[in-house]
Amino acid sequence: MTAFPNFEWVQIAYALLTLFIVINYGMVMTAVVRKIGARVGGRYGIPVWQNYVDLLKNIALRSKISHGVMYYLGPVFRLTGGVGLLMFVPTIYGSEWHQNFSYAGDLILALYFVFFGTLGMALGAGESGHPHSAIGVSRGLAQVTMAELPLALGVFALSLQYQTLDITEIVAAQQGSIFNWTVFTNPLATVAAMVAFVGTMMRSPFDVAMAPQEIPIGPPTEYHSSYLALMQTNRVLFPVAKTVIYMNLFFGGATSWAEFAIKVFCLYMISVVIGVVHPRFRVEQSIRFFLKWGLPIGVLSILVV
Amino acid sequence: MRHILYRLKDRYHLGTPVFQRDDLCFVTVKRFELRAILTELRDVEGFTHLTLLTAVDWIEEQQFQLTYMVNNRVANLTLALRVMLDREDATGDTIHDLWPTAATYQRELREMFGITFPGSPRVDEEFILEGWTDLPPYRRDFDTLAYSQQTYNDRPGRVTHDPKTHMQKTLYADYPKGAK
Amino acid sequence: MKDVDDKFLKNPDTEVPLREELRPRKVTTPDGQEIDIDPLRDYFCEAKPKVHPKAYSKIVEDFYNWARANSLWILGFGTGCGAIEMRPLMTPRFDAYRYGIQWRPTPRQANLLVISGYLSVKTLKRAIRAYEQMPQPKYVMGLGSCTINGGMYWDSYNTIKRLDDYLPVDMYVAGCMPRPEALLHGFMELKRVIKEGKGEGANLYAENFDQYKANQKAVIRDWDMPDYNW
């Protein structure tokens, strides 16, 4: 075991436990967010367990059809992106259980996993052969690529600032006081990364990939039953996993599950609140937005550091 | 409106105009003069808008009546020209070069009444009905009730009431007043 | 005045020619190869629908049925005037979401097809395609008297009178048009039917497939799609 000096088998069990907690948290949280949205609109809203019922229903469907190997692998890749993202990032700082498989270079790996799911989805949705899927995926890829730029720049600024690529060390450096958080020590990098954060959450104004009224729902048009169930799992897992990274990098990480829950919810609500007050960008508008605002801020943050 | 009709009457054969309102008039014209009148109305008299092109099936007289309704937006006048066609022949003159919208109306007439307009774009294509092989459904010798009875299954148990007696029986026993 | 013309007889079935782009033909590819194409066969799966058995254990099946009933996904497909009565269900006043009812834009993800009103033959063709593309188990709800016995379109030449000739209907909502409250009540009744395990319309369709197809083809004269589109 020279490659992984700190590896122990029990870590796998711990990591699975983390995964389980995070999925359930994501299920309930997205339902709660929808319920809040409904209440703001004067509706009663869905029950908080609706996500579970939908998931179960989709698994219980009797017939399914496959359009080929990539079609099948699309949701698998997407879920791998979400799970991988979570697995290689320490979820709870200082906890032996929920340290997961974080190691010295995990920042780079996390950046990769953010993109991985979209790529897999592109291949899968492409094979399903529906024109809306192809349109949605090409839009989504263009937009995510652009949104990655400010994120990557912000992260580089961060690793320059802390002189490390290890998320655990970055979190460790932010402990102690709220003013040790990166959001106060390096606000420019935070702003740049938050632009990317809002841009990749699949919410308005950056939801042109799904575009419910325009290209019915974009990439998953042909997906149904178990495939859709996989994607649903990812829809609740991936935002949380992504938010965990941001929480670790910019908002001091979390030392307990309670802190985790509160911080993730607040961060998630940022994109929700932005989403409900802004109309949808067209894809070229959002790309321009990222190039015009995200990119200069990112470059500036590197220069400042 | 009357001035326009007087001006047209000098040069064309007009039937007796029927005024539905002060600003709405129906007049019958000869088929070979229709195009000239429409062009003059559009270019000289300011009737720039083709409101409607429709047909009436006068099966007893063995004729189709085409109604071209044109509208003068500025003066708020509507003039409808009636043209009678032979029912057996059922061929009209296309005016899609005067108003492009007429092409759509003519496709509809072709499908619903079987009146064809040679030269009109896409006039022979299906418009609303798909795979229709029967008589054009708006012709009066097409019996839509008989057709639907022969094509679609009825659900047993459907009853029909005469509205007047039915309502009298169920709701308004003393209607008309004092008739009890 | 007589209502029906006894002498009128509809045109005996004339074949409607297949549209030109759908006919089987030979095409020359850009590199000079000659290939045979048959658009109706090349793009669609032709296998007949299967009867899917229930889960072996009754408890599991009941549990599944509970999930299905509480997560009804409706295909956003409006056919007649009833489509306008479905929209208020999303609004704060009726809010169907609280019952687990959602609208999905694609038939692949929908379980419930609401035929909302009169169905012309042209729309019936699309409705059949949408229905067949939905994953099993799937439910059909007929809205308004038009789907029950023709309603006010009882003498129309191109609207069907009985929906259950062409699709297996699980629930009818009477009215012309039914109000959104009636619709909600219909959804609740449908939930009850599903929970009792009687919502097996898709299997019914598969069992009596030839019967349904014969009915469908009797009214859809230009049948330009495969017999079953998955």
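Residues numbered from 1 in each chain as written. Chains lettered and ligands numbered in written order. Predicted model: local features only at pLDDT ≥ 70, side-chain atom pairs only at ≥ 80, totals over all residues. Heavy atoms only, no water.

Considering the overall build of chain B
And step 1. Each helix and strand counted, chain B has 5 helices and 5 strands in total.
And step 2. Counting helices and strands in the order they occur from the N terminus, chain B gives α-β-β-α-β-β-β-α-α-α.
And step 3. Scaling as 2.2 N^0.38, a compact globule of 180 residues should have a C-alpha radius of gyration of about 16 Å, whereas chain B reaches 22 Å, well beyond that.
And step 4. Reported as C-alpha extents along the three principal axes, the dimensions of chain B are approximately 60 × 50 × 30 Å.
And step 5. Here chain B, with 180 residues, has 43% of them falling under the buried criterion.
And step 6. Summarising the internal contacts of chain B: among those between residues at least 6 apart in sequence, 50% fall at separations of at least 24.
And step 7. Total accessible area computed for chain B in this model is approximately 10300 Å², and 52% of it derives from carbon and sulfur atoms. (Helix = DSSP H or I, 4+ residues; strand = E, 2+ residues; numbered from the N terminus. Rg over C-alpha atoms; globule rule 2.2 N^0.38 Å. Buried < 20%, exposed > 50% of the residue type's maximum accessible area, 1.4 Å probe, protein only. Contact = heavy atoms within 4.5 Å. Areas by Shrake-Rupley, 256 points an atom, 1.4 Å probe, with all protein chains shown as cover.)

A few points about the side chain of Ser159 of chain A
Residues and elements named next belong to chain A.
And step 1. Along the chain, the position of Ser159 falls in helix H5 (residues 131-162).
And step 2. Ser159 sits in the buried class, given a relative accessible area of 14%.
And step 3. Not counting the four nearest positions on each side in its chain, Ser159 is found in contact with Leu107, Thr164 and Leu165.

Some details on the state of the cysteines
By definition, a disulfide links the sulfur atoms of two cysteines through a covalent bond.
Residue and element names in this part refer to chain C.
And step 1. Within this structure, the stated rule accounts for 0 disulfides over all chains.
And step 2. Cysteine Cys81 remains unbridged, with the sulfur of Cys146 as its closest cysteine sulfur at 5.9 Å.
And step 3. This cysteine, Cys146, is not joined by any disulfide, and Cys176 carries the nearest cysteine sulfur, 5.5 Å off. (Disulfide = S-S within 2.5 Å.)

Regarding the interface of chain B and chain C
And step 1. Residue-level contacts link 29 residues of chain B with 33 residues of chain C.
And step 2. For the pair chain B and chain C, the summed buried area comes to about 2900 Å², and 50% of that belongs to carbon and sulfur atoms.
And step 3. Considering only the side of chain B, the residues that lose the most area to chain C are Glu130, Tyr152 and Arg155 of chain B, jointly responsible for 26% of the buried surface there.
And step 4. Our enumeration of links across chain B and chain C arrives at 4 salt bridges.
And step 5. In this structure, Asp154 of chain B engages Lys161 of chain C in a salt bridge whose closest nitrogen and oxygen atoms are separated by 2.9 Å.
And step 6. At the junction of chain B and chain C, the tally comes to 12 residue pairs in polar contact (both at pLDDT 80 or more).
And step 7. The greatest single-element share of the side of chain B that touches chain C, amounting to 8 residues, is contributed by helix H4 (residues 144-151) of chain B. (Buried area = accessible area lost by both parts, 1.4 Å probe. Salt bridge = Lys/Arg side-chain N within 4 Å of Asp/Glu carboxyl O. Polar contact = N/O pair within 3.5 Å; in protein donor to acceptor, adjacent residues only side chain to side chain.)

Considerations on the environment of Tyr99 of chain C
Residue and element names in this part refer to chain C.
And step 1. As for its placement among the helices and strands, Tyr99 is situated in the loop between helix H3 (83-86) and strand S4 (102-104).
And step 2. Owing to a relative accessible area of 28%, Tyr99 belongs among the partly exposed residues under this scheme.
And step 3. Separated by 89 residues in the primary sequence, Tyr99 and Met188 place their C-alpha atoms 8.6 Å from one another.

Examining the packing of aromatic side chains
In this description, a pair of aromatic rings is defined by centroid distance and the angle of the planes.
And step 1. Applying the stated criterion to the full structure yields 19 aromatic pairs over all chains.
And step 2. Look at Trp132 of chain B and Tyr157 of chain C: their rings are 5.6 Å apart centre to centre, the planes differ by 75°, and that puts the pair in the edge-to-face class. Here the residue Trp132 of chain B occupies a position in the loop between helix H3 (102-112) and H4, and Tyr157 of chain C occupies one in the loop between helix H5 (145-149) and strand S7 (171-173), the pair thus bridging two chains.
And step 3. For Tyr157 of chain C, a relative accessible area of 11% corresponds to the buried category.
And step 4. Through a chain of ring-to-ring contacts, three or more aromatic side chains come together here, namely Trp132, Phe142 and Tyr147 of chain B together with Tyr157 of chain C.
And step 5. Note that Lys35 of chain A overlies the ring of Tyr44 of chain A, its terminal NZ or CZ placed 4.2 Å from the centroid.
And step 6. Against the face of Trp73 of chain C rests Arg104 of chain C, its NZ or CZ located 4.4 Å from the ring centre. (Phe/Tyr/Trp six-rings, centres within 6.5 Å; stacked < 30°, edge-to-face > 60°. Lys NZ or Arg CZ within 6 Å of the ring centre and 35° of its normal.)

Observations regarding helix H1 (residues 10-40) of chain A
And step 1. Over its 31 residues, H1 of chain A runs 45 Å from end to end, which matches the ideal 45 Å to within 8%, given 1.5 Å per residue.
And step 2. Where H1 of chain A ends, the next residue or the one after it, Gly42 of chain A, has phi of about 85°, a positive value. (Expected span 1.5 Å × (residues − 1).)

What about helix H2 (residues 58-70) of chain C?
Residue and element names in this part refer to chain C.
And step 1. Compared with the 18 Å implied by 1.5 Å per residue over 13 residues, the 18 Å span of H2 between its first and last C-alpha is a close match.
And step 2. For H2, the set of buried residues is Glu61, Asn65, Ala67, Arg68, Ala69 and Asn70.
And step 3. You can read the cap of H2 off the contacts: a side-chain oxygen lies 3.2 Å from the backbone nitrogen of Ile59, and it is on Ser57.

Some points on the pairing of strand S1 (residues 18-21) of chain B
Consecutive side chains along a regular strand alternate between the two faces of the sheet.
Residue and element names in this part refer to chain B.
And step 1. Examined bridge by bridge, S1 and strand S2 (residues 24-28) share 3 bridges and lie antiparallel to one another. Across the sheet, residue Val18 finds its bridge partner in S2, namely Phe26.
And step 2. In sequence, S1 turns back onto S2 through a hairpin of 2 residues. (Pairing = 2+ DSSP bridges.)

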